[in-house]
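# Observations on the three-dimensional arrangement
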Amino acid sequence: MAQCIVLGVTGGIAAYKSVEVVSRLRKKGYTVRVIMTRSATEFVTPLTFETLSGEPVVSDMFARPEKWEVEHIALAKAADLFLIAPATANIMAKLACGIADDMLSTTALATKAPILLAPAMNTGMWTAPATRKNLMTLRERGVMTVGPEGGFLACGDSGEGRMSEPVDIVEAAEKILARKQDLAGVRVMVTAGGTREYMDPVRYLGNESSGKMGFALAEAAMARGAVVTLVRGAVTAEIPQVTEEISVVSTEDLYQAVLHNAAQQDIIIQAAAPADYRFAVRFPEKFKKKDGEPLVFTLVENQDIAQAVGAQKGERQVLIGFAAETTDLKAHAREKLMRKNLDMIVANDVTAPGAGFNVDTNIVSLITENGEEDLPLMTKRALADQILDRAMAIYQKKTGQ
Ligand code: PMT
């Protein structure tokens, strides 16, 4: 049976683009059921959507109140994906508060399907504190968004707020439909990127971590329905959309953020590359050259975050670390697995071509107390799913789920 997308159309000029969304989804073989708000019908007629979807369109204007109960539950259940495009500031506010005062908001409240919003509004409305807060609330509940884009807006302003193009909305919808939701509700914390230890306000000790490995894990966990906390240091890769993002600078910051959030997590994966040392003295002003004199610094050891989390790990928690090595890969990785009380370590020979820092691929071995598995070269995104598969298996064993 074809997958069913319930498309909510709210009242904005971008509603005309949703006609193309329906057409593209139908061509790909999806069943599309359209619900229009009263104001949406001012922009596009229900007949247009009815003709393109080949299904009756439900709109507030024509829905009979006594049928709502049946109809909204039926549509809520039928949805494999609940897409709202365009999503106005108004519908976002209603969804955030659980208001159910028309067919669309009622059905959205009742559905258990993943919800994808394609926001479209004036830049001022998009950046308004109320909308930001509503967006945050919705994201915390797992609601996903595509766009909006920057550009010229119908109101004559220019800025962020344009609804994404139909082709991008359809692509985002398809990605969600293809996902397994096996991590639904599981709380996952991922660390990513490198830390920086400042010597003075402008110079630091750091490393080449781009964040790509950690971001791939965060993205994959989000795609599988997890509630994801991403703690990231300095990065160069694009930061994915997650439930909660915490930005840190030094290893001490990373330590504080991870320890503060560790107890609430089911799975913790530490892909970050924290600096093991910091400067014993940090100069408050830019350090001046001393002609010809050698410069000698003392470095002191930072705390080991994974080891600290491992020491207080709960019985139901899963802790996974990485080992970035240049020699004796598996021996060093095994030693870290045991010392840090990890459930699994991802052994990463960072000298191998296509592996390690700042590339899109990786080559690793997954090592547990009882076994090891050598994986071939693959994208960090594909590896992320492999790591999550193992993490979930350990989690299910620990929790008996
Ligand atoms: O970000 P990318 O460019 O994609 O690069 C990915 C990566 C190479 C950074 C990643 O794949 C990786 O290997 N991350 C671990 C880097 C590292 O710090 O390895 P380590 O062997 O020094 O540390 C072992 C484990 O302890 C790691 O999980 C690390 O996060 C953790 N650690 C290390 C030091 C410290 N003070 N506290 C820690 O918790």
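Residues numbered from 1 in each chain as written. Predicted model: local features only at pLDDT ≥ 70, side-chain atom pairs only at ≥ 80, totals over all residues. Heavy atoms only, no water.

## Observations concerning a negative patch on the surface
Residues Glu149, Glu160, Asp168 and Glu171 make up a contiguous surface patch of negative charge. Relative to the assigned elements, Glu149 resides in strand β7 (residues 149–152). The exposure class of Glu149 is partly exposed, given its relative accessible area of 35%. (Patch = residues over 30% accessible without salt bridge, like charges linked within 9 Å, V, L, I, M, F, W, Y side chains within 5 Å. Areas by Shrake-Rupley, 256 points an atom, 1.4 Å probe, with all protein chains shown as cover. Salt bridge = Lys/Arg side-chain N within 4 Å of Asp/Glu carboxyl O. Lys, Arg positive; Asp, Glu negative; His and termini not counted. Charge placed at Lys NZ, Arg CZ, Asp CG, Glu CD. Helix = DSSP H or I, 4+ residues; strand = E, 2+ residues; numbered from the N terminus. Buried < 20%, exposed > 50% of the residue type's maximum accessible area, 1.4 Å probe, protein only.)

## Details of helix α5 (residues 89–97)
Buried residues of α5: Ala89, Ile91, Met92, Lys94, Leu95 and Ala96, and no others. Taken together, the buried residues of α5 touch β4 (81–87), α6 (103–110), β5 (115–119), α7 (123–127) and α8 (129–140). (Contact = heavy atoms within 4.5 Å.)

## Quick word on the sheet that holds strand β6 (residues 144–145)
Judged by pairing direction, the sheet is parallel, and its six strands sit side by side in the order β3-β2-β1-β4-β5-β6 without closing on themselves. Looking along the sheet, the strands with just one partner apiece sit at the ends: β3 (58–59) and β6. As paired strands, strand β1 (residues 4–9) and β4 are joined by four bridges and run parallel to one another. Of the residues in β4, the one forming a bridge with Gly8 is Ile84. In the packing of α6 onto the sheet, the strands contacted are β1, β2 (31–36), β3, β4 and β5, and the crossing angle to β4 comes to about 145°. (Pairing = 2+ DSSP bridges. Axes fitted to C-alpha atoms, helices over the stretch in contact; angles between N-to-C directions.)

## A look at the nonpolar core
Counting 38 residues, the largest nonpolar core has Leu217, Ile267 and Ile387 as its most contacted members. Only β9 (187–192), α10 (212–223), β12 (227–232), β14 (267–270), β17 (318–325), β18 (344–349), β20 (364–367) and α14 (380–399) provide two or more residues apiece to this core. In this structure, Ile267 is in contact with Val186, Arg187, Val188, Met189, Val318, Ala391, Met392 and Tyr395, ignoring residues within four places of it in sequence. (Core = buried A, V, L, I, M, F, W, Y, C linked by side-chain atoms within 4.5 Å.)

## Notes on the side chain of Ser365
One can find Ser365 in strand β20. The exposure class assigned to Ser365 is buried, which follows from its relative accessible area of 6%. Sequence-distant contacts of Ser365, defined by excluding residues within four places in its chain, comprise Lys330, Ile345, Val346, Ala347, Glu373 and Asp374.

## A short note on the side chain of Ser18
Note on placement: Ser18 falls in helix α1 (residues 15–27). A distance of 2.6 Å separates a polar side-chain atom of Ser18 from the backbone oxygen of Ala85. (Polar contact = N/O pair within 3.5 Å; in protein donor to acceptor, adjacent residues only side chain to side chain.)

## Regarding a nonpolar patch on the surface
Together, Ile13, Tyr16 and Phe43 line one region of the surface with nonpolar side chains, adding up to about 340 Å² of accessible area. Within the secondary structure layout, Tyr16 lies in helix α1.

## Observations regarding the domain arrangement of the chain
Looking at the assigned domains, one finds that the chain contains domain 1 (4–152 + 163–180) and domain 2 (187–399). Placing the centre of domain 1 and that of domain 2 at their C-alpha centroids yields a distance of 38 Å. If you look at the interface, domain 1 gives five residues, while domain 2 gives five residues. For the pairing of domain 1 and domain 2, the buried interface totals around 600 Å² over both sides, and the portion due to carbon and sulfur atoms is 45%. The interface formed by domain 1 and domain 2 includes one residue pair in polar contact (both at pLDDT 80 or more). Broken down by class, the residue content of the side of domain 1 that touches domain 2 amounts to no nonpolar, one polar and four charged. (Domains from an automatic or database assignment. Buried area = accessible area lost by both parts, 1.4 Å probe. Nonpolar A, V, L, I, M, F, W, Y, C, P; charged D, E, K, R; others polar.)

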